[in-house]
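# Examination of the molecular architecture
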Amino acid sequence: MFQNSDEVTKLKMNQKKNFSVCLERVIPTKRTATAGGARGISLYEDEASCDGNEQEERGRILISLMYSSQSNSLIVGIVRCVHLAAMDANGYSDPYVKICLKPDMGKKGKCKTQIKKRTLNPEFNEEFSYDIKHSELAKKTLDISVWDYDIGKSNDYIGKLQRLKHWYECLKNKDKKIERWHTLCIENHVASD
């Protein structure tokens, strides 16, 4: 629909006009039974954002978790992010996601996605696997943070997610992939690798 009826009269027959419209406008909604499986649509988990504190929201991330009893591994999927904070002067970021299974498992516990250039709404669609017994998962935490890649200087921290109900759902539901949206928040962090 046009905001102003005058815009219709300005177009002539067979004349093209381009409009810039953001296709990923986010309107947070509560989860319903019918909407639970909607992938990629802005349905956010009904959880306290940013650990219940009034912190600055830095965007959202869609992740999937599954424990595979067949391969005895945790599979972490980094699907996409939306509305990330712009960290570069051009109004964009060059985001990537770092995943770390803690307490520290050394190099085996750390993974990174590919860097997506000049975007605030990156599509990653990457999966990472951790070989670990199901009984050991309850003692672990999953640290997921989003960074802006910068050449020649330290990378900028965008935000991280809190470990919420999603982790416990994964532990209780072996062999079931569970996708959830999470809010990214600023909190204490260490320098990027």
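Residues numbered from 1 in each chain as written. Predicted model: local features only at pLDDT ≥ 70, side-chain atom pairs only at ≥ 80, totals over all residues. Heavy atoms only, no water.

### Describing the nonpolar core
Ranked by size, the top nonpolar core spans 28 residues in total, and within it Ile61, Leu74, Val76, Ile78, Ile99 and Ile144 carry the most contacts. Mapped onto this core, the elements with two or more residues apiece are strand 1 (57-68), strand 2 (73-82), strand 3 (95-102), strand 5 (123-131), strand 6 (141-148) and helix 3 (165-172). If sequence neighbours within four positions are ignored, Leu74 has contacts with Met66, Tyr67, Leu101, Phe128, Ser129, Tyr130, Ile132, Leu137, Trp167 and Cys170. (Core = buried A, V, L, I, M, F, W, Y, C linked by side-chain atoms within 4.5 Å. Buried < 20%, exposed > 50% of the residue type's maximum accessible area, 1.4 Å probe, protein only. Helix = DSSP H or I, 4+ residues; strand = E, 2+ residues; numbered from the N terminus. Contact = heavy atoms within 4.5 Å.)

### As for unusual backbone geometry
For the peptide bond that leads from Lys102 to Pro103, omega is 0°, which places it in the cis range. On the secondary structure map, Pro103 appears in the loop between strand 3 and strand 4 (110-112). One non-glycine residue, Asn125, adopts positive backbone phi at about 50°. Turning to its location among the elements, Asn125 is positioned in strand 5. The exposure class of Asn125 is partly exposed, given its relative accessible area of 48%.

### Remarks on the pattern of salt bridges
All chains considered together, the criterion is met by five salt bridges. One salt bridge in this structure joins Lys177 and Glu127, with 3.0 Å as the shortest N-O distance. Taken together, the residues Lys177 in the loop between helix 3 and strand 8 (178-185) and Glu127 in strand 5 connect sequence positions 50 residues apart. The salt bridge partner of Arg180 is Glu169, with a shortest N-O separation of 2.7 Å. Taken together, the residues Arg180 in strand 8 and Glu169 in helix 3 connect sequence positions 11 residues apart. Both residues of the pair, Arg180 and Glu169, belong to the buried class. Look at the salt bridges and you will find they share partners, linking Lys102, Asp143 and Lys160 into a network. (Salt bridge = Lys/Arg side-chain N within 4 Å of Asp/Glu carboxyl O.)

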